[in-house]
Amino acid sequence: MNRKNHKYIFIIGGVMSGVGKGIAASSIGNILQARGFSINLIKIDPYLNVDAGTMNPTEHGEAFVLKDGLECDQDMGNYERFLDIDLTKEDYITSGMVYKSVIERERNLGYKGKCVEAIPHIRDEIIYRINKAAERNGSDISIIEIGGTIGDYQNIMFIEAARVLNVKKPNDVLFIMMSYLPIPKKLGEMKSKPTQNAVRLLNSYGVQPDIIIARSERLLDKKRKEKIAISCSVRTEYVISAPDIESIYDVPINFEKDNLGNIILKLLGYGKARKNTNLKKWRNFTSKSGKILAGKREVNIAIVGKYFDTGDFILSDAYISIIEALKFSSYEFGVKPLLHRLDSKEFDINKNKLKSLSKYDGILIPGGFGKDGVEGKLKVIQWARENKKPYFGICYGMQLAIIEYSRNVLGMKDANTSEINPKTKDAVIDIMPDQKKKLKENNYGGTMRLGSYEARLKEGTIARKAYGKNIIKERHRHRYEVNPEYIEKLSSGGMVFSGVSSDGKLMEIVELPPNKHPFFLSTQFHPEFQARPLCPHPLFTAFIKVCVKTIKSP
Ligand code: GLN
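The text that follows walks through the structure, step by step, so that each part is easy to find.

What counts, and at which threshold
Along each chain, residues carry numbers from 1 onward, in the same order as the chain's sequence is written. pLDDT decides what is reported in this predicted model: residues at 70 or higher carry local features, side-chain atom pairs at 80 or more are listed and counted, and totals for whole chains, interfaces and linings draw on all residues regardless. Processing note: side-chain calculations cover all non-hydrogen atoms of the structure and skip hydrogens and water entirely. Working definition: helices are DSSP H or I runs of at least four residues, strands are E runs of at least two. Numbering for both runs from the N terminus. The globule rule used here is 2.2 Å times the number of residues to the 0.38 power, and the radius of gyration it is set against is calculated over C-alpha atoms. Throughout, exposure labels follow a simple rule: accessible area from a 1.4 Å probe, protein chains only, divided by the maximum for the residue type, with under 20% read as buried, over 50% as exposed, and the rest as partly exposed. In this description, contact between two residues means that some pair of their heavy atoms is separated by no more than 4.5 Å. Areas reported as accessible are Shrake-Rupley estimates using a 1.4 Å probe. Residue values count occlusion only from the protein chains shown. We define proximity as follows: a residue is near a molecule or strand when any one of its heavy atoms falls within 4 Å of that partner. Between N or O atoms, a polar contact is any pair within 3.5 Å; within protein, one atom must be a potential hydrogen donor and the other a potential acceptor, and residues adjacent in sequence are included only when both atoms are from side chains. Here the nonpolar core consists of buried residues drawn from Ala, Val, Leu, Ile, Met, Phe, Trp, Tyr and Cys, with membership extended through side-chain atoms lying within 4.5 Å. Note: two strands are recorded as paired if DSSP finds a minimum of 2 bridges between them. Note on definitions: angles span 0 to 180 degrees between N-to-C directions of axes, and those axes are lines fitted to C-alpha atoms, for helices only across the stretch in contact. Only centres within 6.5 Å qualify two rings of Phe, Tyr or Trp (six-membered ring in Trp) as a pair; their planes then separate them into stacked at under 30 degrees, edge-to-face at over 60, and tilted for everything else. Cation placement over rings: the criterion is NZ of Lys or CZ of Arg within 6 Å of the ring centroid and within 35° of the ring normal. Should a side-chain nitrogen of Lys or Arg be within 4 Å of a carboxyl oxygen of Asp or Glu, the pair is scored as a salt bridge. Patches were defined on residues exceeding 30% relative accessible area and lacking a salt bridge, with like-charge contacts within 9 Å and nonpolar side-chain contacts (Val, Leu, Ile, Met, Phe, Trp, Tyr) within 5 Å. The positive count covers Lys and Arg only, the negative count covers Asp and Glu only, and His and the chain ends enter neither. Charged groups are reduced to one reference atom each: NZ for lysine, CZ for arginine, CG for aspartic acid, CD for glutamic acid.

Some points on the overall build of the protein chain
Here's step 1: Across its full length, the protein chain carries 19 helices and 23 strands.
Here's step 2: Over its C-alpha trace the protein chain gives a radius of gyration of 25 Å, about what one expects of a compact globule, namely 24 Å for 554 residues.
Here's step 3: Counting all 554 residues of the protein chain, 56% fall into the buried class.
Here's step 4: Long-range pairs, those at least 24 residues apart, make up 73% of the contacts in the protein chain between residues at least 6 apart in sequence.
Here's step 5: As displayed, the protein chain offers around 24,300 Å² of accessible surface, 50% of which is attributable to carbon and sulfur atoms.

Following this line, the structure appears as structure tokens:
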């Protein structure tokens, strides 16, 4: 591949965070990919953590895990879902990674006695990483989302790297500013001043945006577009309207309404705009899901987890990958998923609350860590098992299902995970010896089983039927495993281990036979990371299928 022709699109946030830069980056990727270009997407997170693994989910939501095991930001999940591609660790850059490698190189005399400084060394390391990701992906275009907002101190070095790249390759770099236009209630008018100021600030760093994507509650009118164009030195047709919409998956289609795909190609010098080849599948998906969302058939799923609040607000992107996976599979059956976030602690405090679970069509317990809310989750699992309510457990949700079964069916009253009670008599969930060693050395960053691993499925099981094949690959993020010493007892007691690691040692999926329960299935891995809009995950689909069976037509 001729690297000389490689193109770069930088997406920089103006005004404030949370206006959908990640979705914009994904959607731009989607429409360019549909024109036959090979795209790679890079997320830059300006924090000093090397990856998202050691960060509390209250900070940035749940971590997303790539197939190679990197723990990263949820935006990477959006990229994978919108483009139906698997990303790798090269596609994620944090300040922590950049500084770590520069400092390590300095310690190893890699700079041959030079004074090592942010400019040029940190900046050049950023450029090197961006190019390495493009090379590894062999892509035509890199879309790089710079985290944070213009004016943050943390992302200055990344904007500087983008500026320098543009100086070196002026015809190959495009800057898109993602902005926000508020409509203050009392004024009732859409205001463009914050966008003007954000662009001015970006200009002061030596960067002029080529395109401005203007997010707002409503579509931008001509007047507003013209105002932004004249004050920000951008052509009117390069001001793209990004109104609030029901589904994020409609964003690529909305961008196309403003001709964004062709504008980008023109600005990148691709000449005659390529035909939009296969946005067709995507359009089918969004129009189908749009109809379902407007319709009346619904499936009610309770997600029993740990919910965090930030001040007076609940973190909205907790379990985001699970929520998306449930949506894709629900659309397969023409039902609108109504997802109910239930705090597991409430079931611990109030036993009567369990009865309220009967109104849901299915229950899902996602991954988690530590002892908070665990007793409540165990009660919910017991209730779902005894009342034959479809139950889908993911990671911690599987470990707790094993504990519940051990306690209440197999009579091991003290059964537990050593994560909660290291001295328990029956540690049915335990840490594996090599992980134990790392934990002792306080090496928390490296103590998890992370990324994609192969598993074998057992003939005749729900899992085997759902996947339709014998060997699967799924992504992991956990320290503990089903204790091999208890597998015999659990199996003879009625649990079916329908998925095991290829060496046969680690239990990957556990289920109850259909004659005992309509759907009681849990996975040690996180299937949600591989669910895609155009390719829903088979286990989520199997779960929803059973949930839908019980619902009555409206
Ligand atoms: N806390 C459990 C473990 O570390 C489960 C992790 C998870 O649910 N992701 O094994």
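Having put the structure on the table, let's press on.
What to know about the site of the ligand
Here's step 1: Lining the immediate surroundings of the ligand are Gly-367, Gly-368, Phe-369, Cys-395, Tyr-396, Gln-399, Glu-419, Arg-477, His-478, Arg-479, Tyr-480 and His-526.
Here's step 2: Within the side chain of Glu-419, an N or O atom sits 2.6 Å from a nitrogen atom of the ligand.
Here's step 3: One nitrogen or oxygen atom from the side chain of His-526 is found 3.2 Å from a nitrogen atom belonging to the ligand.
Here's step 4: Relative to its unbound accessible surface of 300 Å², the ligand loses 99% to contact with the protein.
Here's step 5: Elements represented by at least two residues in the shell around the ligand include exactly helix H15 (396-408) and strand E19 (471-478).

Some thoughts on the side chain of Ser-406
Here's step 1: Inspection of the secondary structure puts Ser-406 in helix H15.
Here's step 2: On the accessibility criterion, Ser-406 (0% relative accessible area) is buried.
Here's step 3: Residues within four places of Ser-406 in sequence aside, it is in contact with Gly-411, Met-412, Ala-415, Val-428 and Leu-490.

Points about the nonpolar core
Here's step 1: Residues Ile-9, Ile-28 and Ile-213 are the most contacted members of the largest nonpolar core, which totals 131 residues.
Here's step 2: Excluding anything up to four places from it in sequence, Ile-9 contacts Ile-28, Leu-32, Ile-141, Ser-142, Ile-143, Ile-144, Leu-174, Ile-176, Ile-264 and Leu-268.
Here's step 3: By size, the runner-up hydrophobic cluster in this structure holds 40 residues, among which are Leu-357, Ala-401, Tyr-480 and Phe-497.

Examining the sheet that holds strand E6 (residues 141-149)
Two modes of strand pairing occur in sheets, parallel and antiparallel, and in both the strands are linked by backbone hydrogen bonds.
Here's step 1: The seven strands are arranged E5-E2-E6-E1-E7-E8-E9 in an open sheet whose pairing can be described as parallel. Each end of this open sheet is capped by a strand with a single partner; those strands are strand E5 (92-94) and strand E9 (239-243). Along the sheet, successive strands turn relative to each other by an average axial angle of 20°, direction set aside.
Here's step 2: Seen against the sheet, helix H1 (residues 21-33) touches strand E1 (7-13), strand E2 (39-45), E6, strand E7 (173-181) and strand E8 (211-216) and runs at an angle of roughly 170° to E6.

A closer look at the packing of aromatic side chains
Here's step 1: Evaluated as defined, the whole model comprises 16 aromatic pairs.
Here's step 2: Here the aromatic rings of Phe-10 and Phe-175 are separated by 5.8 Å at their centres, their planes lie at 25°, and the arrangement is stacked. In this pair, Phe-10 sits in strand E1 while Phe-175 sits in strand E7, placing the two residues 165 residues apart along the sequence. Accessibility assignment for this pair places Phe-10 and Phe-175 in one class, buried.
Here's step 3: Aromatic pair Tyr-249 and Phe-328: ring centres 5.6 Å apart, planes at 70°, arrangement edge-to-face. With Tyr-249 in the loop between E9 and helix H9 (251-257) and Phe-328 in helix H12 (residues 320-332), the pair connects residues that are 79 residues apart, well separated along the chain.
Here's step 4: Among the residues examined, Tyr-249 registers a relative accessible area of 3% and is labelled buried.
Here's step 5: By the ring-pair criterion, three or more aromatic residues cluster together here, those being Phe-82, Tyr-249, Trp-282, Phe-285, Phe-328 and Tyr-331.
Here's step 6: Its guanidinium or amino end placed over the ring of Tyr-270, Lys-7 lies 5.6 Å from that ring's centre, counting from NZ or CZ.

As for the pattern of salt bridges
Here's step 1: Counted by the stated rule, this structure contains 36 salt bridges.
Here's step 2: Here Asp-348 ties to Lys-379 by a salt bridge, and the two come within 3.1 Å at their closest N and O atoms. Note that Asp-348 is positioned in helix H13 (residues 345-349) and Lys-379 in helix H14 (residues 374-386), a separation of 31 residues in sequence.
Here's step 3: Taking the shortest distance from any N to any O, the salt bridge between Glu-459 and Arg-464 comes out at 3.5 Å.
Here's step 4: In this structure Arg-464 comes out as buried when scored by relative accessible area, which is 17%.
Here's step 5: Among the ionic contacts, a cluster of salt bridges with common partners joins Lys-43, Asp-45, Asp-73, Asp-75 and Glu-145.

Let's talk about a positive patch on the surface
Here's step 1: A cluster of like positive charges, contributed by Lys-193, Arg-200, Lys-223 and Lys-227, occupies part of the molecular surface.
Here's step 2: Turning to its location among the elements, Lys-193 is positioned in helix H7 (residues 193-204).
Here's step 3: Residue Lys-193 is classed as partly exposed on the basis of its relative accessible area, which comes to 48%.

Observations concerning unusual backbone geometry
Here's step 1: Residue Ile-119 is joined to Pro-120 through a cis peptide bond whose omega torsion reads 15°.
Here's step 2: For Pro-120, the position within the fold is in helix H5 (residues 118-137).
Here's step 3: Not every positive phi belongs to a glycine, and Val-15 is a case in point at roughly 75°.
Here's step 4: Along the chain, the position of Val-15 falls in the loop between E1 and H1.

A short note on the sheet that holds E19
Here's step 1: Read from one edge to the other, the open sheet built from nine strands follows the order E13-E10-E14-E15-E23-E22-E21-E18-E19, with strand pairing classed as mixed. Two strands lie at the open edges of the sheet, namely strand E13 (336-343) and E19, each paired on one side alone. Sheet twist, expressed as the average angle between the axes of neighbouring strands with direction ignored, equals 25°.
Here's step 2: Looking at chain direction, strand E14 (residues 362-365) and strand E15 (residues 391-394) are connected through three bridges and run parallel. Bridging across to E15, Ile-365 finds its partner in Gly-393.

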